[in-house]
Amino acid sequence: GPRRKILAADDKPYNLLLLVNLLEPLGFEMLTAGDGQQALDRALTEAPDAIILDLIMPVMTGVEVAQALRATDATRDTPIIAMSASVIDAQNQKLAGCQAFISKPVNLAKLLDLLQTHLNLTWQYEAQTPDIGPAPEPAAELTPPPQATLKTLWDLALTGDLQEIRRQAAQLAQADAAYQAFAAHLEQLAREYRVKEIRAFLRRYVEREL
């Protein structure tokens with residue numbers, strides 16, 4: 001179908017970059033806003049197909065932005081996914097008229113499910129990644145990278161940043177031949193969007209280091 005336009009609004013540049021890195025490679029046109037007023041202005045002038053809206057922002061809160069959009073004919077029905085690190089804010093998004101809520105750090109699988117539902121999408125997968133069941137476990141024990149690298153990969157797995165995980169895996173494979181098998185297995189899981197299996201795979205090595 002047509003390319004969909006998504007507005008991501010958050011006052012933390014890292015969070016915006018994360019959302020752009022997650023969604024732009026999947027074919028979305030990404031717009032960003034760093035405060036509530038900018039989010040409202042861009043929503044009204046650029047007509048996004050969906051909005052991912054942080055509820056705690058300067059100038060205008062996400063709740064105020066959502067209420068303003070709901071009061072405007074052009075954006076009254078635009079899907080809004082509220083986003084916050086606070087579970088308490090899950091109640092605020094209902095008052096603001098948002099269709100859904102997602103907690104931080106953002107879980108990629110859940111976000112894609114919400115976008116599929118509210119934008120009426122049907123995902124298309126690469127030929128090598130249909131439903132083929134769980135990725136096979138490595139036949140032999142793998143050599144994990146140093147603890148600092150494991151910590152970085154674990155943090156990326158928690159946020160669901162699969163693009164960065166694949167980039168880190170490629171760098172790891174080039175850095176030392178001893179890590180190539182570990183990196184290849186991790187890259188396969190990330191390529192197939194197996195977030196839960198990535199976390200389970202990394203958890204074994206993270207807990208071992210601890």
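Going by the structure above, here's the rest.
Everything in this summary refers to the structure shown in the same document. Just so we're clear, the structure is a prediction, and the values are computed from it rather than from any experiment.

Criteria and cut-off values
- Residues numbered from 1 in each chain as written.
- Predicted model: local features only at pLDDT ≥ 70, side-chain atom pairs only at ≥ 80, totals over all residues.
- Heavy atoms only, no water.
- Buried < 20%, exposed > 50% of the residue type's maximum accessible area, 1.4 Å probe, protein only.
- Helix = DSSP H or I, 4+ residues; strand = E, 2+ residues; numbered from the N terminus.
- Right-handed = clockwise from strand over helix to strand, strands pointing away.
- Pairing = 2+ DSSP bridges.
- Salt bridge = Lys/Arg side-chain N within 4 Å of Asp/Glu carboxyl O.
- Phe/Tyr/Trp six-rings, centres within 6.5 Å; stacked < 30°, edge-to-face > 60°.
- 1 Å grid on protein atoms, 1.4 Å probe; cavity = no way out; pocket = protein on both sides within 12 Å on 5 of 7 lines; lining within 4 Å.
- Points joined across faces, edges and corners; volume = space filled by probe spheres on them.
- Nonpolar A, V, L, I, M, F, W, Y, C, P; charged D, E, K, R; others polar.

Here the focus is the pairing of strand β1 (residues 5-9). Most of β1 is tucked away, with five of its five residues classed as buried. Residues Lys5, Leu7 and Ala9 of β1 are buried on one face, and the alternating residues Ile6 and Ala8, pointing to the opposite face, are buried as well. Following the backbone out of β1, through helix α1 (residues 13-23) and into the adjacent parallel strand β2 (residues 29-33), one traces a crossover that is right-handed. Both β1 and strand β3 (residues 50-54) contribute to a ladder of four bridges, which runs parallel.

Now for the pairing of β2. One ladder, built from five bridges, connects β1 with β2; its direction is parallel. Among the inter-strand pairings, Lys5 is bridged to a residue of β2, identified as Glu29.

Looking now at the pattern of salt bridges. Taken as a whole and judged by the stated rule, the model has eleven salt bridges. Across the pair Asp11 and Lys12 runs a salt bridge whose closest N-O atoms are separated by 3.2 Å. A residue is classified by how much of its surface remains accessible, and Asp11, at 27% relative accessible area, is partly exposed. Between Arg194 and Glu192 there is a salt bridge, with its nearest N and O atoms 2.6 Å apart. The burial state of Arg194 is the same as that of Glu192; both residues are buried. Each member of the salt-bridge network shares a partner with another, and the members are Asp10, Asp54 and Lys104.

Once that is clear, we can look at unusual backbone geometry. Its identity as a non-glycine residue notwithstanding, Ala47 has a phi of 45°, on the positive side. Its place among the elements puts Ala47 in the loop between α2 (36-46) and β3.

With that settled, consider the packing of aromatic side chains. Within this structure, the stated rule accounts for four aromatic pairs. Look at Phe182 and Tyr205: their rings are 5.3 Å apart centre to centre, the planes differ by 75°, and that puts the pair in the edge-to-face class. Here Phe182, found in helix α8 (residues 180-191), pairs with Tyr205, found in helix α9 (residues 195-209); they are 23 residues apart in sequence, far enough to count as distant. Here Phe182 matches Tyr205 in class, with each residue buried. Note on Phe201 and Tyr205: the rings are 5.4 Å apart at their centroids and 75° apart in plane angle, and the pair reads as edge-to-face. Here the residue Phe201 and the residue Tyr205 both occupy positions in helix α9, the gap between them amounting to four residues, near one helical turn.

Time to look at empty space enclosed by the protein. Inspection of the entire model under this criterion finds one cavity of 30 Å³ or more. Around the largest cavity sit Leu22, Pro25, Leu26, Leu108, Leu162, Gln163 and Tyr193, which together line it. Considering only residue class, the lining of the largest cavity consists of six nonpolar, one polar and no charged.

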